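# Reading the structure
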Amino acid sequence: MSQYFDEHSEPEATRRDAGDAESTRASRGWWDRNADEYQNEHGAFLGDDRFVWGPEGLDEAEARLLGEVKGLDVLEIGAGAAQCSRWLAAQGARPVALDLSHRQLQHALRIGGDVPLVEADAGALPFRTASFDVVCSAYGAVPFVADPVAVFREVRRVLRPGGRWVFSVTHPIRWAFPDEPGPEGLSVAASYFDRTPYVEQDEQGEAVYVEHHRTIGDRVRDVVAGGFRLVDLVEPEWPAWNSQEWGGWSPLRGNLIPGTAIFVCERA
Ligand SMILES: C[S@@+](CC[C@H](N)C(=O)[O-])C[C@H]1O[C@@H](n2cnc3c(N)ncnc32)[C@H](O)[C@@H]1O
């Protein structure tokens, strides 16, 4: 199953190549169909106006990976219902929330606030060069695209010199383990080095969900190839206060292996 929650009708899960266009088409459809359930299931944990980096609950209010954002132009990629952007606005930033999924952005409208919303693909950002001081993404877009370097180059293009790009993704080590919150999720079941995408497809063989794996080394090389310096790589530990499971993320696994990797990058 895709790792965000259970779907009602189960497509076939496989490992096969999936290019850019197919991955993007699958993501748009999947998030449009599943946005209601995602927000219903995770909305309370995310909060309407908190900036949470992942299922561990690391909060930007505490982590401060973006630096001081007051007065800055900030783009959030794969914003979902724009919870993070609402927090950024409350800090005095000027956020723009971008997502591929129309339905996710409708949830942003439902929650409210006056953050500008943009429906677009992270691989083709509809902004002028050097429009933003900071670009951020909490599990948005990066795990789902076939060509992350193309996204990073777009991010670099819209960033001003010295700008910061901070994004979280599933920690690459998770690829090797079954996506289960319990003890069955603690034994290696696949090669960490196998980059073949995880694909769920319908009866016609059309991808309906795609997730792309990169090793830690791949991600570092991608960041550099995209024109960034890697400033920090944060692996949030599972905090004692968090008893909530999120798909395959759980206190049991979170206390043993990392679940999220946050890349803090600066425009080189
Ligand atoms: C796991 S959700 C995260 C949403 C939000 N950041 C949060 O923390 O709740 C991933 C989001 O990325 C968006 N997304 C996936 N592929 C994308 C792409 N190529 N361009 C822009 N957004 C994309 C999805 O529509 C979805 O809203």
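What you see is a predicted model; the values in this text were computed from it and never measured.

About the cut-offs
- Residues numbered from 1 in each chain as written.
- Predicted model: local features only at pLDDT ≥ 70, side-chain atom pairs only at ≥ 80, totals over all residues.
- Heavy atoms only, no water.
- Phe/Tyr/Trp six-rings, centres within 6.5 Å; stacked < 30°, edge-to-face > 60°.
- Buried < 20%, exposed > 50% of the residue type's maximum accessible area, 1.4 Å probe, protein only.
- Helix = DSSP H or I, 4+ residues; strand = E, 2+ residues; numbered from the N terminus.
- Near = heavy atom within 4 Å.
- Polar contact = N/O pair within 3.5 Å; in protein donor to acceptor, adjacent residues only side chain to side chain.
- Areas by Shrake-Rupley, 256 points an atom, 1.4 Å probe, with all protein chains shown as cover.
- UniProt positions renumbered as here; feature names shortened; annotations may be inferred.
- Salt bridge = Lys/Arg side-chain N within 4 Å of Asp/Glu carboxyl O.
- Axes fitted to C-alpha atoms, helices over the stretch in contact; angles between N-to-C directions.
- Parallel < 35°, antiparallel > 145°, perpendicular 65-115°, else oblique.
- Left-handed = near helix turned anticlockwise from the far one by under 90°.
- Contact = heavy atoms within 4.5 Å.
- Nonpolar A, V, L, I, M, F, W, Y, C, P; charged D, E, K, R; others polar.

### Focus: the packing of aromatic side chains
To describe a pair of aromatic rings, you give the distance between the ring centres and the angle between the ring planes. Inspection of the entire model under this criterion finds 17 aromatic pairs. Aromatic pair F51 and W53: ring centres 4.6 Å apart, planes at 45°, arrangement tilted. This pair shows no difference in class: F51 is buried, exactly as W53 is. Both rings, one in F144 and one in Y209, keep their centres 6.3 Å apart while their planes meet at 75°; by these two values the pair is edge-to-face. Here Y209 lies in strand β8 (residues 207-211) and F144 lies in the loop between β5 (132-138) and α5 (148-158), a separation of 65 residues in the sequence. Classification of Y209 as buried rests on a relative accessible area of 2%. Taken together, the aromatic side chains of W30, W31, Y38, F45, F144, Y198, Y209 and W246 make up a single cluster linked through ring pairs.

### Focus on the site of the ligand
Surrounding the ligand, one finds 21 residues, the nearest of these being Y38, G78, D99, Q104 and A138. Here Y38 contributes a side-chain N or O atom positioned 2.7 Å from an oxygen atom of the ligand. A141 places a main-chain nitrogen or oxygen 3.3 Å from an oxygen atom of the ligand. Protein burial of the ligand: of its 590 Å² of free accessible surface, 98% is covered by the chains. With 4 residues, helix α1 (residues 20-46) is the single largest residue contributor to the shell around the ligand.

### Concerning the UniProt feature "domain: Methyltransferase type" (unreviewed entry) in the protein
Following the UniProt record, the feature "domain: Methyltransferase type" (unreviewed entry) maps to residues 75-167 here. Within the segment residues 75-167, helix and strand shares are 31% and 30% respectively, and the terminal C-alpha atoms sit 12 Å apart.

### Digging into the pattern of salt bridges
Applying the stated criterion across every chain yields a total of 14 salt bridges. Across the salt bridge formed by E22 and R16, the nearest N and O atoms sit 2.9 Å from each other. You can call E22 buried: its relative accessible area is 18%. Judged by relative accessible area, R16 falls into the partly exposed class, the value being 22%.

### Here we look at the packing of α5 against helix α6 (residues 216-225)
With their axes 8 Å apart at the nearest point, α5 and α6 run at an angle of 40° to one another. Considering the angle they form, α5 stands oblique to α6. Read as a crossing pair, α5 and α6 show a hand that is right-handed. In contact with P148, V149, F152 and R153 of α5, α6 contributes R219, D222, V223 and A225. Classifying every residue of the contact of α5 with α6 by side-chain character gives 5 nonpolar, no polar and 3 charged.

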